[in-house]
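Architecture at a glance
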Protein chains: 2
Amino acid sequence: MMRITKEEAASMLLSMDNILIFAHENPDGDAVGSACALCHGLLSLGKKAAVWLDGIPKNDIYLTEGLMFDNSFTPEHIVTTDTADERILGAGCGYDKNVKVELAIDHHFSNTMYAAKTYLDSDSAAAGEVVYDLLLEMGVAITKEIAECIYIAISTDTGCFRYGNTKARTLRTAAAMLDCGIDAGEINRIQFETKTKEYVALEKLAMNSLETYFDGKCAVMMLTLDMFKESGALECETQALSSLPRQIEGVFVGITMKEKEEGFFRISVRTNAPANAAEIASHLSGGGHPMAAGCAFAGNKEDALKAVLEHTENQLRIAGLL
Amino acid sequence: MMRITKEEAASMLLSMDNILIFAHENPDGDAVGSACALCHGLLSLGKKAAVWLDGIPKNDIYLTEGLMFDNSFTPEHIVTTDTADERILGAGCGYDKNVKVELAIDHHFSNTMYAAKTYLDSDSAAAGEVVYDLLLEMGVAITKEIAECIYIAISTDTGCFRYGNTKARTLRTAAAMLDCGIDAGEINRIQFETKTKEYVALEKLAMNSLETYFDGKCAVMMLTLDMFKESGALECETQALSSLPRQIEGVFVGITMKEKEEGFFRISVRTNAPANAAEIASHLSGGGHPMAAGCAFAGNKEDALKAVLEHTENQLRIAGLL
């Protein structure tokens, strides 16, 4: 429940041993990278430490090599990275709700302060950046292995330095990781320039489903259960697709409708200013940020589309775009 | 014909006035950004200077505002940026073959040393990085306008910091540009995250044309005249598409065949090691780098495809992939 400083978090970690590190469920590169970087750092100080992550993306599994918890010690301290809310600590990762999280290391402004102590730096683009600062404070030498974890954490959360959360400091931290000898070009090729055959097949179907409305100011992409079946793509591969409708020139509201199960849709809303994604989503009991929000809809495809278009039209009017 | 140091190039520029700056034809972000950054720098020192660029991409035109040559002075010195060979100085940009280029500022290893003096730093990811170093040497204060030019130059040539040519120094230079107050998130949104409706239409057709061969080790994308006609996309918009076939998991040779005119194809070959793109292209009288090469083919679509697949198969065998 208490926010602490970097110095306090560092001395807390230095005083611990037998540490188990969790991150949020469906971990992305920042969750995996920040947890593994911290784990490497603690191990380098002669401590017993491990990570416990569930459902790691294929491209990131190698980062956890030798770090996954294998019952070789009895955890005495639970630390999380990149986790804004304890409810998103995956059950599959073995997190027992009765165990208290002692320290949360995070960059999410929305952190619910679920841990006994929280070191939060919401100015950081990635939890990996927060962990990096902490490791330096703890006197950990940044090895090539740690640098690779931090680099993947930061590049994941910044869209490889494309997004507006990339600050001068972010780029300098990434530069310091390159100084440690990592092959960033090859890392990026694997992380950002490789698509599975199944993803390409789904992308093709998704592109064909693209429709525009309201004079091209709204674009909608549909991902149905049939498309997943036909392409063989996994749902975790579809994150990048959500940004596509908004990328089309002239589009202010980009919508991706994903059929999660028969008669149930997850709807992702991405907007360009002045259109407000959170306002559209809020009318369908969802929420989020002004530029990226989400909601759900129970019903068939036609009704889901009708509902989302109705609120999009209202929002376009409110924003003076129609 | 003579290679000079940064210090010599700086003092040369400081001694000049009435300077006209050229860059290569079909200028990309690095050509436009490096030329405009240099021009801003020279103007800030009270000199008369202008750029002359032809066929500037829509997204970059704003950088040249107030910098384009308008006959308000008589050029006494010709300087180029980002131009490896005088043959690629666009005729349309008003370059008269009888006029000698006095100074070339470049980062291409392949620079032909066509200029009287050449300041070449082939360790730099972009000509914009070379110009930045030069401006600092000349004592130019880096304004927000200059920073935007340099940032666009560097981000263009590094695929927004994705490619292997991105060094720690590149990231630190970009960080320094952010310190000057540029809105990198918005710049990147426009440069990397916006697609015209016509491009999206072409992408859809191109995705549908994707075929794989040799057990998925080769992927071919076809861009026909009909597709350009149907989508309304411009050829200059298709550069990003060429990287797509190679991105598919398991693909070693990614091929994009672009029908330039009835019965004439431009073929782009992109490979992942150990497959060698230059060797495939060389069999069709083309050339390039080990990972990216190109060639042309006169004939119909079927014959073009047959020829390129034949040499791809050979290369896959040589590389031990078949």
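Each value, and the rule that gives it
- Residues numbered from 1 in each chain as written.
- Chains lettered and ligands numbered in written order.
- Predicted model: local features only at pLDDT ≥ 70, side-chain atom pairs only at ≥ 80, totals over all residues.
- Heavy atoms only, no water.
- Least-squares fit on C-alpha atoms with pLDDT ≥ 70 in both.
- Contact = heavy atoms within 4.5 Å.
- Axes fitted to C-alpha atoms, helices over the stretch in contact; angles between N-to-C directions.
- Helix = DSSP H or I, 4+ residues; strand = E, 2+ residues; numbered from the N terminus.
- Parallel < 35°, antiparallel > 145°, perpendicular 65-115°, else oblique.
- Left-handed = near helix turned anticlockwise from the far one by under 90°.
- Nonpolar A, V, L, I, M, F, W, Y, C, P; charged D, E, K, R; others polar.
- Buried < 20%, exposed > 50% of the residue type's maximum accessible area, 1.4 Å probe, protein only.
- Lys, Arg positive; Asp, Glu negative; His and termini not counted.
- Salt bridge = Lys/Arg side-chain N within 4 Å of Asp/Glu carboxyl O.
- Polar contact = N/O pair within 3.5 Å; in protein donor to acceptor, adjacent residues only side chain to side chain.
- Expected span 1.5 Å × (residues − 1).
- Phe/Tyr/Trp six-rings, centres within 6.5 Å; stacked < 30°, edge-to-face > 60°.
- Core = buried A, V, L, I, M, F, W, Y, C linked by side-chain atoms within 4.5 Å.
- Pairing = 2+ DSSP bridges.
- Domains from an automatic or database assignment.

Regarding the relation of the copies chain B and chain A
Screw-axis analysis of chain B against chain A gives a translation of 0.0 Å along the axis, an RMSD of 0.2 Å, and a rotation angle of 180°. Such a combination of rotation and displacement between the chain copies is what one expects of a two-fold axis. The overlap is high: 97% of the interface residues of chain B also sit at the interface in chain A, so the same surface is used on both sides.

Quick look at the packing of helix α2 (residues 29-44) of chain B against helix α4 (residues 144-157) of chain B
All names here are of chain B. Here α2 crosses α4 at 155°, and the two axes come no closer than 7 Å. One way to sum up the angle between α2 and α4 is to call them roughly antiparallel. Of the two elements, α2 crosses α4, and the hand of that crossing is left-handed. Contacts between α2 and α4 involve G29, D30, G33, S34, C36, A37, H40 and G41 from the former and E145, I146, C149, I150, I152, A153, T156 and D157 from the latter. Partitioned by chemical class, the residues of the contact of α2 with α4 number seven nonpolar, six polar and three charged.

Details of the side chain of D157(A)
Residue and element names in this part refer to chain A. Here D157 shows up in helix α4 (residues 144-157). Here D157 occupies a buried position and makes no salt bridge, while the nearest side chain of opposite charge, R270, is found at 12 Å. A polar contact of 3.3 Å, which involves the side chain of D157, links it to the side chain of H107. The residues contacting D157, other than those within four sequence positions of it, are D28, D30, H107, A125, A126, Y163 and N165.

Digging into the interface of chain B and chain A
Interfaces are often sized by the accessible area lost when the parts come together. Contact residues are listed per partner, giving 39 residues for chain B and 38 residues for chain A. On inspection of chain B and its partner chain A, the count reaches six salt bridges. A salt bridge links E249(B) to K58(A); the shortest N-O distance between them is 2.6 Å. Our enumeration of links across chain B and chain A arrives at 17 residue pairs in polar contact (both at pLDDT 80 or more). Elements that contribute at least two residues to the side of chain B that touches chain A include exactly α5 (168-179), α6 (184-192), α7 (197-209) and α9 (244-247) of chain B.

Re the pattern of salt bridges
Counted according to the given criterion, the structure contains 22 salt bridges over all chains. A salt bridge links D179(A) to R172(B), with the shortest nitrogen-to-oxygen separation between them at 2.6 Å. Placement of D179(A) in helix α5 (residues 168-179) and of R172(B) in helix α5 is noted, with the two residues assigned to different chains. K217(B) is paired through a salt bridge with D215(B); the nearest N and O atoms lie 3.9 Å apart. Since its relative accessible area comes to 70%, D215(B) is described here as exposed. Because the salt bridges share partners, they merge into one network encompassing D121(A), E129(A), D133(A) and R169(A).

Some thoughts on helix α11 (residues 301-318) of chain A
For the α-helix, the turn length of 3.6 residues means that residues three or four positions removed from each other point alike. Residue and element names in this part refer to chain A. Taking 1.5 Å per residue, 18 residues should reach 26 Å; α11 reaches 26 Å between its end C-alpha atoms and fits that length. All of the buried residues in α11 are A304, L305, A307, V308, L309, H311, T312, Q315 and L316. The inward-facing, buried residues of α11 contact β7 (211-213), β8 (218-223), β9 (253-261), β10 (264-271), α10 (277-282) and β12 (292-298). For α11, the capping residue at the N-terminal end is N300, with a side-chain oxygen 3.3 Å from the backbone nitrogen of E302. Positioned one or two residues after α11, G320 has a phi angle of 75°, which is positive.

Here's the deal with the packing of aromatic side chains
All names here are of chain A. Applying the stated criterion to the full structure yields nine aromatic pairs over all chains. An angle of 35° between the planes, with centres 5.7 Å apart, marks the rings of W52 and F69 as tilted. With a gap of 17 residues between them, W52 in strand β3 (residues 49-52) and F69 in the loop between β3 and β4 (77-81) connect regions that are remote in the sequence. Since its relative accessible area comes to 16%, F69 is described here as buried. Each residue in the set F22, W52, F69 and F73 is aromatic and connected to the rest through ring pairs, giving one cluster.

Some details on the nonpolar core
The biggest cluster of nonpolar side chains holds 110 residues, and the ones touching the most others in it are L13(A), I105(A), Y151(A), L13(B), I105(B) and Y151(B). Excluding residues that lie within four positions of it along the chain, L13(B) makes contacts with L38(B), L42(B), K47(B), V79(B), L103(B), I105(B), L134(B) and M138(B).

Digging into the sheet that holds strand β11 (residues 287-288) of chain A
Residue and element names in this part refer to chain A. Taking strand neighbours across the sheet as the criterion, the six strands line up as β7-β8-β9-β10-β12-β11 in an open arrangement whose pairing is mixed. One side of each edge strand has no neighbouring strand; the edge strands of this open sheet are β7 and β11. Across three bridges, the pairing between β7 and β8 is antiparallel. Within β8, the position partnered with E211 by the bridge is V220. Those strands touched by α11 are β7, β8, β9, β10 and β12, and its axis lies near 155° from that of β9.

Topic: the sheet that holds strand β11 (residues 287-288) of chain B
Residues and elements named next belong to chain B. With mixed pairing, the six strands of this open sheet are ordered in space as β7-β8-β9-β10-β12-β11. Looking at which strands have only one partner, the edges of the open sheet turn out to be β7 (211-213) and β11. The sheet contact formed by β11 and strand β12 (residues 292-298) spans two bridges and is antiparallel. Looking at the pairing, G287 lines up with G294 of β12. With respect to the sheet, α7 is in contact with β7 and β8 (218-223), its orientation differing from that of β8 by roughly 140°. Lying on the sheet, helix α11 (residues 301-318) is in contact with β7, β8, β9 (253-261), β10 (264-271) and β12; it crosses β9 at an angle near 155°.

Quick word on the domain arrangement of chain A
When cut into domains, chain A gives domain 1 (2-192) and domain 2 (197-318). Once you take the C-alpha centre of each, domain 1 of chain A and domain 2 of chain A turn out to be 31 Å apart.

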